[in-house]
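# Structural overview for review
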Amino acid sequence: MEYWFSEMHTPNVKLSIRVDKQVYSGQSEYQRIDVFDSPEFGRFLVLDGYMMLTQKDEFIYHEMITHVPLAVHPRAKDILVIGGGDGGVVRELVKYDDIESIDLVEIDEEVTRVCKEYLPFTACSFDDPRVHLHFEDGLKFVRSVKDKYDLIIVDSTDPFGPGEGLFTREFYGNCYKALHEDGIMVNQHESPFYTEDAIACQRAHKRIVESFPKAKVYQAHIPSYPSGHWLFGFASKKYHPLRDLNEKKWNARGIKCRYYTTTLHKGAFYIPAYVEELLSNVEHTD
Ligand code: SAM
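Residues numbered from 1 in each chain as written. Predicted model: local features only at pLDDT ≥ 70, side-chain atom pairs only at ≥ 80, totals over all residues. Heavy atoms only, no water.

## Overview of the site of the ligand
Filter applied, for reference: Neighbouring residues are identified by heavy atoms, a residue being near a molecule or strand if any of them is within 4 Å of it. Counting of polar contacts relies on pairs of N or O atoms within 3.5 Å, with two restrictions inside protein: one atom must be capable of donating a hydrogen and the other of accepting it, and residues adjacent in sequence are counted only when both atoms are side-chain atoms. Only the protein chains shown count as cover for residues, with accessible areas throughout obtained via the Shrake-Rupley method and a probe of 1.4 Å. All amino acids are sorted into three groups, where Ala, Val, Leu, Ile, Met, Phe, Trp, Tyr, Cys and Pro are nonpolar, Asp, Glu, Lys and Arg are charged, and the leftover types, Gly among them, are polar. Bear in mind that the domain bounds are from an automatic or database domain assignment.
Contacts to the ligand come from 23 residues, most closely from Gln31, Glu106, Asp137, Gly138 and Pro162. Measuring from a nitrogen atom of the ligand, one finds a side-chain N or O atom of Tyr61 at 3.3 Å. Within the side chain of Glu106, one N or O atom sits 2.6 Å away from an oxygen atom of the ligand. In isolation the ligand has 600 Å² of accessible area, and contact with the protein removes 99% of it. Here the residues of the shell around the ligand sort into 9 nonpolar, 8 polar and 6 charged. Two domains each donate at least three residues to the shell around the ligand, and these are domain 1 (3–54) and domain 2 (58–279).

Here you go:
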């Protein structure tokens, strides 16, 4: 008997991954949570039927959403992660000795509990004394915060269900307010390839551009995500992602990565012409 996990990427395209076994299945207050083991992608987490991360390619996403802003900001000490209940972003953040505090705001405590039990390769750093877990809605959390963080990383699900509010003008405006005067916000920014995803990507970018003086998009290749071409948003009050990249300082940290390098950092911001066109009508030119 063959078992396969399938995710519809469009009404006409699906990704199917052969599965050895289902390790966990449960329904939290917010979403369906499933964990599978597979010969190709190893163990993977699925929320409401959507691929969140796989053992084989999560390093790409977690390195790119974390190290790009931290190679630019000269002294990021106070970090806010919204979403990210699997722990992958926190695992990358704790590699920086000069980070002093990491607030993780995850709406669904069940996700973190399941990841601690079944995904130790991402949920491995929650015990770091700098990490403070808050199980609540990130949209509400940022409403009451002012001038507190150097970096906000929005590691959310897609712009529907519990994640919908994290792609709104209100949310981006409140993130702007919650950041210090030289703060940076990075978000998972969907994909430019399939029509529905491209519309969501353009809509989010427009709202970010309306909230931050500098807003660029960068890319990575993530095989288990729809089309494999995945984008991240880099929004900043002051620093430019390329002009203010400090390669020497970041490389001197000696942080071992399997995807991120400061050379790739520069290349990641050179996006295809069709993506530039998709975003050009809403992007600052600088
Ligand atoms: N890397 C994945 C991706 O790109 O789709 C995201 C991984 S992480 C598991 C996404 C997390 O965002 C989930 O645990 C989900 O519960 C959380 N989340 C969704 N909406 C949220 C909200 N409004 N506030 C805080 N966390 C939220």
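## Overview of the sheet that holds strand β3 (residues 21–27)
Heads up, the rule is: Pairing between two strands is assigned when DSSP locates at least 2 bridges connecting them. Put simply, DSSP marks the helices as runs of H or I at least four residues long and the strands as runs of E at least two long, and each gets a number from the N terminus on. Lines are fitted to the C-alpha atoms to define the axes, a helix being fitted only along its stretch in contact, and any angle between axes, read from their N-to-C directions, falls within 0 to 180 degrees.
Spatially, 4 strands are ordered β3-β4-β5-β6 in an open sheet, and the strand pairing comes out antiparallel. This sheet does not close on itself; its edge strands, each paired only once, are β3 and β6 (50–54). Strand-to-strand twist across the sheet, computed as the mean angle between neighbouring axes with direction ignored, equals 20°. Bridge count between strand β5 (residues 42–47) and β6: 4 bridges; the pairing is antiparallel.

## Here's the deal with the domain arrangement of the protein chain
Accessible area lost on assembly of the parts is the figure often given for the size of an interface. For clarity, the threshold we go by: By buried area we mean the combined loss of accessible area, with a 1.4 Å probe, across both parts when two parts are placed together. Any Lys or Arg side-chain nitrogen found within 4 Å of a carboxyl oxygen on Asp or Glu counts as a salt bridge.
Considered domain by domain, the protein chain is made up of domain 1 (3–54) and domain 2 (58–279). Distance between the C-alpha centres of domain 1 and domain 2: 23 Å. Both faces combined, the contact of domain 1 with domain 2 buries some 2,000 Å², and carbon together with sulfur accounts for 71% of it. Inspection of the region where domain 1 meets domain 2 yields 0 salt bridges. If you look at where domain 1 meets domain 2, you find 6 residue pairs in polar contact (both at pLDDT 80 or more). Of all the secondary structure elements, the ones that give two or more residues to the side of domain 1 that touches domain 2 are β1 (4–10), β2 (13–18), β3, β4 (32–38), β5 and β6. With 5 residues, the single largest contributor to the side of domain 1 that touches domain 2 is β6. Here the side of domain 1 that touches domain 2 is built from residues that sort into 14 nonpolar, 5 polar and 1 charged.

## Section: the sheet that holds strand β10 (residues 149–155)
Read across the sheet, 7 strands follow the order β9-β8-β7-β10-β11-β13-β12 without closing on themselves; strand pairing throughout is mixed. Strand pairing shows two members of the sheet lacking a second neighbour, β9 (131–134) and β12 (214–221), which therefore form its edges. Neighbour-to-neighbour, the strand axes of this sheet turn through a mean angle of 15°, independent of strand direction. Alignment of strand β11 (residues 179–188) against strand β13 (residues 229–236), held across 5 bridges, turns out to be antiparallel. Each residue of the ladder has a partner; that of Asn187, found in β13, is Gly233.

## So, the nonpolar core
Note that soluble globular proteins tend to have their nonpolar side chains buried in a common cluster. Let me state the cut-off plainly: What we call a nonpolar core is a set of buried Ala, Val, Leu, Ile, Met, Phe, Trp, Tyr and Cys residues that are connected through their side-chain atoms within 4.5 Å. Accessible area is worked out with a 1.4 Å probe on protein chains only. A residue is then buried under 20% of its type maximum, exposed over 50%, and partly exposed in between. We call two residues contacting when some pair of their heavy atoms lies within 4.5 Å.
Ranked by internal contacts, the top residues of the largest apolar core, which has 63 residues, are Leu45, Leu93, Ile102, Tyr218 and Phe232. A total of 7 residues in this core trace back to one element, the largest contributor, which is helix α1 (residues 58–70). Each of two domains, domain 1 (3–54) and domain 2 (58–279), supplies a minimum of three residues to this core. With near-sequence residues (within four places) excluded, Tyr218 lies in contact with Met64, Ile65, Val68, Pro69, Val186, Trp230, Leu231, Phe232, Gly233, Phe234, Ala268 and Phe269. The next biggest cluster of nonpolar side chains, apart from the first, holds 24 residues, and it includes Leu80, Val154, Tyr172 and Val209.

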